[in-house]
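Here's the letter readout for the chains.
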Amino acid sequence: MAVEAVSGNGAEAVAPAAKEVSAKEAAVAVSKNASFREESNFLSDLKDSERKALAELRDKVEAAIVEGKLFDDGKAEEKKKAEAAVEKKEEKEEKKETAAEEKKEEVESKKEVEAEEKKEEVESKEAEAEEKKEEAVEGEEKATDAEEKKEEEDKEEAKTEEAVEGEKAVAAEAEEEKPAAVVVDKDISLWGVPLLPSKGDEATDVVLLKFLRARDFKAGAAFEMLRKTLRWRRDWPGFHPGEDGGAAADDLPEELEGACYLDGADREGHPVCYNTLGVFADDAVYKKALGTEEGKASFLRWRVRAMERHVADLDFKPGGVSSLLQVTDLRNSPGPAKKDLRVAVKQVLDLFQDNYPELVARNILINVPFWYYAFSTLFYPFMTQRTKSKFVIARPSKVTETLLKYIPIEAIPVKYGGLKRDNDTEFSADDSEITELIVKANSTETIEIEATEADTTLTWDLTVLGWEVNYKEEFVPADEGSYTIIVRKGKKMGSGEEAVRNSFRANEAGKVVLTVENASNRKKKVLFRHKAKSAYAKKC
């Protein structure tokens, strides 16, 4: 069996024309478009400044875990500072009160001196009265001395009581400030990777590098981000079913089951996560998922748990695939008027940006409507520049072409113009090779798949990027006396057509001819694969 690409209207075909050769010889392998490349996680590939930042972060994490302070949020330190400030303020107020009392005593003393001088003047004028007055004064002085002595005794007693109370308060504060027993957990991990650097796990550095890259290799900022992530994972109710009223399986519409799923891998081996927002076009689904506060909380829990399942498939070893490729389909998704969806999407983006750093290698938005560009201005300002740089946007007419830059055509689902079908029993990535053919503007190309013997079943997949071409299929027998059989009538294929899959059982030797007529002024790219099953081979 052979395949032959024939050029019409004087156009050149990628495969040689009018010559039978094997598919491997004639086919031009699909070009691997230069895809994005993530930074290496091997220490030897890091810059000196990056290695230094990693070493600093390792030291911080090691010390925090060993001292049992990894989850500290700095509130204890702030409390101590606040208490010290209050104590200082009280000391100042006490000094002011003491100064006021001293001034008061000075004024009283001055008044007493003036009174004494006046008294002496009166005594010099009235000698007789002076003697009597002296007796009276002596009596008054005795009474005054007794009163003053009593006041001093009262003051001393009050001071003693205050000192005792102060000692009790200090003792109580010391008891309160007595540090609780530090719990050291050296087995603490994140995404299944131990965080204690001294354990010697290679994956630890890969995880730490993700936080460093998210913070431009600033070790202090990366350390705080790691701490916040760990505290969020410890405290967020979504990780503890039942604590927030939610069950392990939240009461969400069944339609959401297919709204977020993994399917295949990209050219770099990243698992591909597909998100379809079109499910929210159904009012019933929308109201159940986002119409109430409970529904919104359940939606957020569902999306985070889906992310956790996807992260579990990653390999955090150096050189391993440690991030996802996300494809978000906006076809039929509600517009920006649906405020609840807009808020929910922003919440998810914020959570992922803050707590899953560098776990999404690329975010491809497909079937993007015009309203999206206005909608994106609402949440783009809250994204880091690094996060923004990972977004790729594709209008409906460019979906397959865009995805093909990152994902092999055989791994792109049929609904997005690829060749991948669910539960496919005909083709697999291992037993089929994709052939690429260019159809120039205003020209025709034919692909011939040969059946060298009778009772052979030919099966093929074919798609044209952007379609807008005429396409037909025929079987031409090798015997010139036999009739040509129309396998598929000629049809104008629109831009949104899915890939064609068809098969034909040849009762005699011959060939299936696939014809692609491009009447447009732009060249078209054809991608196809085929296989043959011989009835004779089965019998053997």
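Residues numbered from 1 in each chain as written. Predicted model: local features only at pLDDT ≥ 70, side-chain atom pairs only at ≥ 80, totals over all residues. Heavy atoms only, no water.

### Section: the sheet that holds strand β5 (residues 260–265)
The line we're drawing: In this scheme, strands are said to pair when DSSP sees at least two bridges between them. For the purposes of this entry, the term helix denotes a DSSP run of H or I that reaches at least four residues, the term strand denotes a run of E that reaches at least two, and both are numbered from the N terminus. Lines fitted to C-alpha atoms define the axes here, with helix axes fitted over just the stretch in contact, and angles between the N-to-C directions of these axes take values from 0 to 180 degrees. In what follows, residue pairs with any heavy atoms lying within 4.5 Å of each other are defined as contacts.
Here five strands make up an open sheet; going across it, the order is β5-β6-β7-β8-β9 and the pairing mixed. The open sheet terminates on both sides in strands that have one partner only, identified here as β5 and β9 (391–393). For this sheet, the mean angle separating the axes of adjacent strands, direction not counted, is 25°. Pairing analysis gives three bridges linking strand β8 (residues 360–366) to β9, with the strands arranged parallel. Bridged to L365 within β9 is I393. Together, β5, β6 (271–276), β7 (324–329) and β8 form the strand contacts of helix α8 (residues 293–311), whose direction differs from that of β5 by roughly 20°.

### Regarding the nonpolar core
Nonpolar side chains in soluble globular proteins generally cluster together in the buried interior. To keep things clear, this is the line we draw: In these notes, a set of buried Ala, Val, Leu, Ile, Met, Phe, Trp, Tyr and Cys residues joined through side-chain atoms within 4.5 Å is what counts as a nonpolar core. Summary of the burial criterion: residues with accessible area below 20% of their type's maximum are buried, those above 50% are exposed, and those between are partly exposed, where the area comes from a 1.4 Å probe applied to protein chains only. Domain borders in the structure are assigned automatically or taken from a domain database.
Ranked by size, the top nonpolar core spans 65 residues in total, and within it W191, F280, F316 and Y356 carry the most contacts. Taken together, the elements giving at least two residues each to this core come down to α2 (48–66), α5 (202–214), α6 (219–235), α7 (283–290), α8, α9 (339–355) and β8. With eight residues, α5 is the largest single contributor of residues to this core. Split by domain, the residues of this core number at least three in each of domain 1 (38–73 + 187–231) and domain 2 (249–407). Setting aside anything within four residues of it in sequence, one finds F280 in contact with L256, Y286, A289, L290, F299, P334 and L341.

### Concerning the pattern of salt bridges
Selection criterion: Any carboxyl oxygen of Asp or Glu within 4 Å of a side-chain nitrogen of Lys or Arg constitutes a salt bridge here.
Under the criterion given, the structure shown has 27 salt bridges. Residue D455 is joined to R505 by a salt bridge in which the shortest nitrogen-to-oxygen separation is 3.5 Å. Taken together, the positions of D455 in the loop between β11 (443–451) and β12 (456–464) and R505 in strand β15 (residues 500–506) put the pair 50 residues apart, joining distant regions of the chain. Notably, a salt bridge pairs E497 with K491, separated by 3.6 Å at the nearest N-O pair. Several salt bridges share partner residues, and in doing so they unite E39, E358, R386 and K390 into one network.

### What about the side chain of S298?
Heads up, the condition is: Polar contacts, as counted here, are pairs of nitrogen or oxygen atoms within 3.5 Å of one another; within protein the pair requires one atom able to donate a hydrogen and one able to accept it, and residues that are adjacent in sequence qualify only if both atoms are side-chain atoms.
Its location among the elements puts S298 in helix α8. Judged by its relative accessible area of 9%, S298 is buried. A polar atom in the side chain of S298 sits 2.9 Å from the side chain of R301.

### A short note on unusual backbone geometry
One non-glycine residue with positive phi stands out, namely N332, at about 65°. Position of N332 relative to the elements: it lies in the loop between β7 and α9. A relative accessible area of 58% places N332 in the exposed class. A positive phi is found at E358, a non-glycine position, where the angle reads about 60°. Positionally, E358 belongs in the loop between α9 and β8. The exposure class assigned to E358 is buried, which follows from its relative accessible area of 13%.

### Re the packing of aromatic side chains
Our working definition: The pairing test for Phe, Tyr and Trp rings, Trp by its six-membered ring, is centres within 6.5 Å, and the orientation test on the planes gives stacked under 30 degrees, edge-to-face over 60, and tilted for anything in between.
Inspection of the entire model under this criterion finds 14 aromatic pairs. With a centroid separation of 5.9 Å and an interplanar angle of 15°, the aromatic rings of W191 and F316 are classed as stacked. Residue W191 is found in the loop between β3 (189–190) and β4 (193–194), and its partner F316 is found in the loop between α8 and β7; the two are separated by 125 residues along the sequence. A relative accessible area of 13% means that W191 is categorised as buried.

### Looking at the pairing of β5
The pairing of β5 with β6 spans four bridges and is classified as antiparallel. What sits directly across from A265, in β6, is P271.

### Some words on the packing of α5 against α6
Quick reminder of the rule: The sense of a crossing depends on the near helix, which, turned anticlockwise from the far helix by less than a right angle, makes the crossing left-handed and, turned clockwise, makes it right-handed. When residues are grouped by polarity, Ala, Val, Leu, Ile, Met, Phe, Trp, Tyr, Cys and Pro land in nonpolar, Asp, Glu, Lys and Arg in charged, and all others, Gly among them, in polar.
For the pair α5 and α6, interaxial distance at closest approach is 8 Å and the crossing angle is 115°. In the crossing of α5 with α6, the sense of the turn from one axis to the other is right-handed. Residues L208, F211, L212 and A214 of α5 pack against A219, A222, M225, L226 and T229 of α6. Per-class residue counts for the contact of α5 with α6 are eight nonpolar, one polar and no charged.

### Re the confidence of the model for the protein chain
In plain terms, the rule: The predictor's confidence in any single residue is recorded as pLDDT, a number from 0 to 100.
Per-residue pLDDT for the protein chain averages 81, and the proportion of residues at 70 or more is 69%. When the criterion is pLDDT under 50, residues 10–36 qualifies, and its contacts beyond four places in sequence or with other chains add up to 63 contacts.

### Considering the state of the cysteines
The term disulfide refers to a covalent linkage connecting the sulfur atoms of a pair of cysteines. Put simply, the rule is: Cysteine sulfurs are considered disulfide-paired once they come within 2.5 Å of each other.
For the structure shown, the criterion picks out zero disulfides. Note on C260: no disulfide assigned, nearest cysteine sulfur contributed by C273 at a separation of 3.9 Å. Given a relative accessible area of 0%, C273 falls into the buried group.

### Looking at a negative patch on the surface
For clarity, the cut-off: Patch definition: residues above 30% relative accessible area lacking any salt bridge, with like charges linked at up to 9 Å and the nonpolar side chains Val, Leu, Ile, Met, Phe, Trp and Tyr linked at up to 5 Å. Computed by Shrake-Rupley with a 1.4 Å probe, the accessible areas treat only the displayed protein chains as cover when residues are assessed. Positive: Lys, Arg. Negative: Asp, Glu. His and the chain ends are not part of the count. Charge positions are represented by NZ for Lys, CZ for Arg, CG for Asp and CD for Glu.
Together, E254, E255, E257 and D282 make up a region of like negative charge exposed at the surface. With respect to the secondary-structure elements, E255 resides in the loop between α6 and β5. Overall, E255 belongs to the partly exposed group, its relative accessible area being 43%.

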